[in-house]
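A closer look at the structure
What follows is the residue order along each chain.
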2 protein chains.
Amino acid sequence: MKTKTKQPEAGMLPLNEILAGDCIEVMNSLPEASVDLIFADPPYNLQLKGDLHRPDNSKVDAVDDAWDRFASFDSYDRFSADWLAAARRLLKPNGAIWVIGSYHNIFRVGAALQNTGYWILNDVVWRKSNPMPNFRGKRLTNAHETLIWASKSEGAKYTFNYEALKQLNEGIQMRSDWVLPICTGHERLKDEAGDKAHPTQKPESLLHRVIVATTNPGDVVLDPFFGTGTTGAVAKKLGRDFIGIEREEAYRKVAEARLADVRKYDRESLAVTQSKRSEPRVPFGQLVERGMLRPGEVLTSPGGKVAKVRADGTLVADQVAGSIHQVGAALEHAPSCNGWTYWHFKRDGKSVPIDLLRQQIRAEMRAN
Amino acid sequence: MKTKTKQPEAGMLPLNEILAGDCIEVMNSLPEASVDLIFADPPYNLQLKGDLHRPDNSKVDAVDDAWDRFASFDSYDRFSADWLAAARRLLKPNGAIWVIGSYHNIFRVGAALQNTGYWILNDVVWRKSNPMPNFRGKRLTNAHETLIWASKSEGAKYTFNYEALKQLNEGIQMRSDWVLPICTGHERLKDEAGDKAHPTQKPESLLHRVIVATTNPGDVVLDPFFGTGTTGAVAKKLGRDFIGIEREEAYRKVAEARLADVRKYDRESLAVTQSKRSEPRVPFGQLVERGMLRPGEVLTSPGGKVAKVRADGTLVADQVAGSIHQVGAALEHAPSCNGWTYWHFKRDGKSVPIDLLRQQIRAEMRAN
DNA sequence: AATAGCACTGAATCGGACA
DNA sequence: TTGTCCGATTCAGTGCTAT
């Protein structure tokens, strides 16, 4: 499979090539109803203002590229409507599209998708196992991105490999939330200077799941925002044909070199690093949120110490407040304390360690 | 706290009541800038023909699919724009809103939110630990819903209890994906016939986290789609005032009975862990004035930098003089520096951060 | 040859009080 | 409104180097 960069001839479908140019113009030059799947990672329109520093004073390398800047919501909406319409023209009647985004753009893209006539099948949450933290403590850690999966129109017979996905999920029906690590390490492509070649390279594991789920071998997968070619690389490994469109020459060059190296299905590069398989962590606060213990309830220790539960899952005793472990340690004048076995609550007149409630939650988690 | 159902008097803010009527009309009758938080679970079963009608009230027949789809979406968008505008008028300048939805409506609601002038702070995924499986195996298990958290406008000083949420998550900052079970069992309200009283009753654990995160005790929380009153029940337990608006009498009756049984937690349990930012400010000069450090004493940094204390509470080092923060930043060539943790002094032969002395002063202040 | 420790990094809409 | 200055704030990793 050779990879070339060129302008397409009108009416021809150039396979396994990276096409140069504006994606709307290029898509309009391709024959209609010729593509099985589109995967699109459009600009997010992040609208970042000043610099951001980590607590250690290092500067966060922000996405400030020109291609991510739009004058207004209105101009972003016109852009979305235009490329979504051009993409829809290319789809076979039973074709489908995936779009990925964050809260900055995904609501606008999703609405545009519906307005264009696509039919949403699922929204999928990519839960990042290792997201960047919120350094200033001003919001929640932005730990996920959203994908939308839609068919060309309502009632279309889209492709969905239910059993294959069930296998990917240890025999259990695949859910709409996927836990996958972000793209780091050797998978992350570098430029000649050794810097990251693209600010938003997606992990191959994500594309693997998308392509296995919604295409068959031999299908044509188009990516109008090709970047460094993750979609093409995974499509090629999985025996699908791809068409990439990319405006920036630097990205095209990196993608071409990458694709030239891709040969066959390479099981190792797709193996998802599993997060630690030990017992899941259950925050004590969850017992409070779930009403298993209520704020104000009094916990006791075997030695007769008492503490009261607060609404945020901390305890307050005479003179001290903090986590179940901290308060236990303080009251015992010990360096540490396992709050789960130390603190007890009353059930049916008997004193029971709160660890019982944690075991209850873990049992539920295992059942799901 | 008594719960009543009535029509509000214009200009008055009726607290801890369920107001009957269309939420837009009722909201427009309430005084502006009077509410701290809005939680909204808008209906999204308005899809297609049924509840919708064309702008000119003409009958919809399924001849023109494209037009019909547009009319439906357009009508839903106008509904969203209207209630979001009415809600925004009620918010105090530093107020915030939460909206929950699924892929059927959340993209349209999110776009409308942005168009109305709200500023999105996070989107949050409620990951259901026990979702309904997809029986037909045609799609992914729809295992999550999406919440959007937004301030009234860009740059507003919204409330976020960062430390409390960190505590709820075992000392790690809270992420944008929340794993919580759906509302079942005793918590799920039944009607007289023993059927579920409301089709989409939300779990109290979800509201607990929302309200702890983004309000303080005594705040006013409004829910324009009150349903069976989960927002009101949790607000009341947590010592917040609520305002509910609900059109359906059957839901109002269930909610009233529910709220009558709810008790508020005691004041001490409602306190949550505060951030250091809320601690009183202690000028460094006070340590010198009080003789905890004497002029001429040498402070050191972990990296071996040195500076000398001056009588006015400034430091002087090679080439630089100024506040503890300024001198630390200059010596480290850093944009900023927390002098309290950066500078150390000698006590009993050991090097101790000067923050210890500040903590000593704060402890004294608390005791008095 | 392991292992510990350190540096670095990731689609981020990331102050606030007071003068 | 604008400017100044205090001083609070991070998680899960990867990979290189020193021991």
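Residues numbered from 1 in each chain as written. Chains lettered and ligands numbered in written order. Predicted model: local features only at pLDDT ≥ 70, side-chain atom pairs only at ≥ 80, totals over all residues. Heavy atoms only, no water.

**Structural notes on the protein's contact with DNA strand D**
Residues in close proximity to DNA strand D total 28 residues, the closest being His186(A), Tyr162(B), Lys166(B), Gln173(B) and Arg358(B). Of everything in DNA strand D that lies within 4 Å of the protein, sugar and phosphate atoms constitute 61%. A distance of 3.1 Å separates a phosphate oxygen of DNA strand D from a polar side-chain atom of Asn338(B). At the level of elements, α4 (162-168) and α10 (324-332) of chain B are the ones that each hand at least two residues to the surface near DNA strand D. A total of three residues in the surface near DNA strand D trace back to one element, the largest contributor, which is α4(B). For the surface near DNA strand D, the class distribution of residues is eight nonpolar, twelve polar and eight charged. (Near = heavy atom within 4 Å. Polar contact = N/O pair within 3.5 Å; in protein donor to acceptor, adjacent residues only side chain to side chain. Helix = DSSP H or I, 4+ residues; strand = E, 2+ residues; numbered from the N terminus. Nonpolar A, V, L, I, M, F, W, Y, C, P; charged D, E, K, R; others polar.)

**A few points about the environment of Lys92(A)**
Residue and element names in this part refer to chain A. As for its position among the elements, Lys 92 is in strand β4 (residues 91-101). Exposure remark for Lys 92: the relative accessible area of 30% places this residue in the partly exposed category. Residues Lys 92 and Leu 238, spaced 146 residues apart in sequence, show a C-alpha to C-alpha distance of 20 Å. Ignoring any residue separated from it by four or fewer positions in sequence, one finds Lys 92 in contact with Ala 33, Ser 34, Val 35, Asp 36 and Lys 152. (Buried < 20%, exposed > 50% of the residue type's maximum accessible area, 1.4 Å probe, protein only. Contact = heavy atoms within 4.5 Å.)

**Describing the protein's contact with DNA strand C**
All names here are of chain A. What surrounds DNA strand C is a group of 37 residues, the closest being Gln 47, Arg 54, Tyr 103, Arg 136 and Arg 188. Among the atoms of DNA strand C close to the protein, meaning within 4 Å, 45% are from sugar or phosphate groups. The separation between a base nitrogen of DNA strand C and a polar side-chain atom of Asp 68 is 3.5 Å. Measuring from a sugar or linking oxygen of DNA strand C, one finds a side-chain N or O atom of His 104 at 3.3 Å. Residues belonging to the surface near DNA strand C are distributed by class as follows: 18 nonpolar, seven polar and twelve charged.

**Looking at the interface of chain B and chain A**
With 74 residues of chain B at the contact, the number on the chain A side is 74 residues. With both sides pooled, the region where chain B packs onto chain A buries about 6,500 Å², and carbon together with sulfur makes up 50% of that total. Summed over the three residues of chain B that lose the most area to chain A, namely Phe107(B), Arg139(B) and Leu140(B), the buried surface amounts to 12% of that side. Put simply, chain B and chain A have six salt bridges between them. Here Glu289(A) makes a salt bridge to Arg209(B), at a shortest N to O gap of 2.5 Å. In this assembly, chain B and chain A are joined by 40 residue pairs in polar contact (both at pLDDT 80 or more). Of all elements in the fold, only α2 (65-90), α3 (106-116), β5 (119-128), β6 (144-151), α4, β7 (177-180), α5 (204-214) and α8 (267-270) of chain B reach the threshold of two or more residues within the side of chain B that touches chain A. When residues of the side of chain B that touches chain A are assigned to their parent elements, the largest contribution, nine residues, is made by β5(B). When the residues that make up the side of chain B that touches chain A are grouped by side-chain class, the tally is 36 nonpolar, 22 polar and 16 charged. (Buried area = accessible area lost by both parts, 1.4 Å probe. Salt bridge = Lys/Arg side-chain N within 4 Å of Asp/Glu carboxyl O.)

**Some thoughts on the packing of aromatic side chains**
All names here are of chain A. In this structure the tally under the stated criterion is 25 aromatic pairs over all chains. Ring geometry for Tyr 76 versus Phe 79: centroids 6.0 Å apart, planes at 55°, classification tilted. One end of the pair is Tyr 76 and the other is Phe 79, both in helix α2 (residues 73-90) and three residues apart, which spans about a single turn. Grouping residues by exposure puts Tyr 76 and Phe 79 together as buried. (Phe/Tyr/Trp six-rings, centres within 6.5 Å; stacked < 30°, edge-to-face > 60°.)

**Here we look at the confidence of the model for chain A**
Averaged over all residues, the pLDDT of chain A equals 93, while 93% of them reach at least 70. The model gives residues 268-277 of chain A a pLDDT under 50, and that stretch makes ten contacts with residues more than four places away or in other chains. (pLDDT = per-residue confidence, 0-100.)

**Considerations on the UniProt feature "domain: DNA methylase N-4/N-6" (unreviewed entry) in chain A**
Here the UniProt-annotated "domain: DNA methylase N-4/N-6" (unreviewed entry) positions come out as residues 35-256 of chain A. Helix makes up 28% of residues 35-256 of chain A and strand 22%, and the two end C-alpha atoms of the span are 21 Å apart. (UniProt positions renumbered as here; feature names shortened; annotations may be inferred.)

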